[in-house]
Amino acid sequence: MPGWRWGLDPKGRGPGEGTPLPRQNARSATGLGRESAREDSAEGPAERELADPGARGGHLCRTSSCREDGGHAPAPPQLREPPLEGANSYGQLGLGHKEDVLLPQKLKDFCKPGHIKKITGGGGHSAVVTDGGGLFVCGLNKDGQLGLGHTEDVLYFTLCKSLLGCPVQQVACGWDFTIMLTEGGQVLSCGSNLFGQLGIPHGPRRCVVPQIIELLREKVVWVAAGLRHALAATVSGIVFQWGTGLASSARRLCPGQALPSFLTAKEPSRVTDLESSKATCVLAGSDHSASLTESGKVFTWGRADYGQLGRKLGSNGGQKLEKQDSSLSCFRSQNNTPSPLHCLTGAAEISCGSEHNLAVIGGACYSWGWNEHGMCGDGSEVNVLTPQPVQVLPSAAGLLVGCGSGHSLALCQLPAHSTLGQDYKVTHASPDATKDTNSQEAVDKEGSCKERQSGSPPQSQPDRSRNGGL
């Protein structure tokens, strides 16, 4: 069962390169970027340590994707004891030391073999959920993001005892905070609260023990964490967002523009323009968000200057501007409310990196967004503004995808009698996704036309088992 990886490696090298990239071009491999975090904002001071991307994150342990069947993409059975590699400045690999690790090393004396259900990573910390709902954490803990009741870094995966008797279903790691979802649908948070990312109004600047987010009164089925914002999807399909991370980027890119309340809220606030859709999961990049609905529709919102929203914004209907229009420039850089990507209707899985994304439709992998290090897998380093098929990947059932900040990964089943390294081509690419549209308006019209012609909404892919059929 071959795994594919492309883009920037954890030490800042591109594929086949032996020399690390300059510091200003490297980013952590946790799916959280550093560009927007290094600037001062109105909500709080800049975090100076972000200037050293090698010190925060860079380890390969994030599984931030969600699937149309409502489940994470777990590791295949033979990898249920995860080997770890990469940056380890805070002990985020859980190996008992702070030295970087260049080759995968197996964790020892951690938990019962084969009992790891989910694994994820944040800016400099890692978290593992076991089959029994136990939460183990390690790494950077200066803001209490490990939820252990103190702020000392932890070099080994350690059980979060404050959650004993409260089984954890899912965990999402932000830059310096953590969101926990229990099997009963409650949401807790710990870590930094400088930007309201804990969802606790009038709370302290940080919480070292997980606190219940009381304002999420309906049962929650999915959570996500970005650089400085978080999201939750409830059992009825409502999406809530909190934390001012997207507002910070919006104010820089769109000064003077009015922002929706869910971008500026420091407590759970309902995301507007999703009222007619039932969300089954939510995802977060550095400064953008996405949701996948029950019918397989994909919505994106937030920062867009690298193409991370999957649409070409603000073409102005083909009219040539006599002078720079600041509102148009804003629209090209940021979309503050959710908009559908009709070309991805029927998606079975979505994964968000820092500023790029992957989706699986009909067994084919699509990519879009930031591509400076080739993480969109199209053989170039040019940003991809609309979802395009990753041609080198085989189209197959059971395709699992994941994004770091500057790299991408895919696990797939090869067709019978195939050979690794064969030049695969996508054979059933969605025509909408490969068509070069001039604006989101054109995409919307095309999608609406198709729905009217068919007389019924597009069908989503059939449910797949939690192990992806592997």
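Reading the values: rules and limits
- Residues numbered from 1 in each chain as written.
- Predicted model: local features only at pLDDT ≥ 70, side-chain atom pairs only at ≥ 80, totals over all residues.
- Heavy atoms only, no water.
- Helix = DSSP H or I, 4+ residues; strand = E, 2+ residues; numbered from the N terminus.
- Buried < 20%, exposed > 50% of the residue type's maximum accessible area, 1.4 Å probe, protein only.
- Polar contact = N/O pair within 3.5 Å; in protein donor to acceptor, adjacent residues only side chain to side chain.
- Contact = heavy atoms within 4.5 Å.
- Pairing = 2+ DSSP bridges.
- Axes fitted to C-alpha atoms, helices over the stretch in contact; angles between N-to-C directions.

Observations concerning the side chain of serine 289
Along the chain, serine 289 turns up in strand S18 (residues 288-293). By relative accessible area, serine 289 is classed as buried at 0%. At 2.9 Å, the side chain of serine 289 and the side chain of histidine 229 are in polar contact. In this structure serine 289 touches His229, Leu231, Gln241, Leu246, Leu283, Ala284, Phe299, Thr300 and Trp301, once residues within four positions along its chain are discounted.

Some remarks on helix H1 (residues 245-253)
For H1, every residue scored as buried is listed here: Gly245, Leu246, Ala247, Ser248, Ser249 and Ala250. Its buried side turned inward, H1 meets strand S15 (239-242), helix H2 (261-264), S18, strand S19 (298-303) and strand S20 (334-340).

Comments concerning the sheet that holds strand S6 (residues 125-130)
The antiparallel open sheet is built from four strands, whose spatial order is S5-S6-S7-S8. Every other strand in the sheet has two partners, leaving strand S5 (116-121) and strand S8 (154-159) as the edge strands with one partner each. Neighbour-to-neighbour, the strand axes of this sheet turn through a mean angle of 15°, independent of strand direction. In terms of strand pairing, S6 meets strand S7 (residues 135-139) through five bridges, oriented antiparallel. Within the sheet, the bridge partner assigned to serine 126 lies in S7 and is cysteine 138.

Considering the environment of lysine 106
Relative to the assigned elements, lysine 106 resides in strand S4 (residues 101-106). Residue lysine 106 is classed as exposed on the basis of its relative accessible area of 52%. For the pair lysine 106 and leucine 95, spaced 11 residues apart in the sequence, the C-alpha separation amounts to 8.6 Å.

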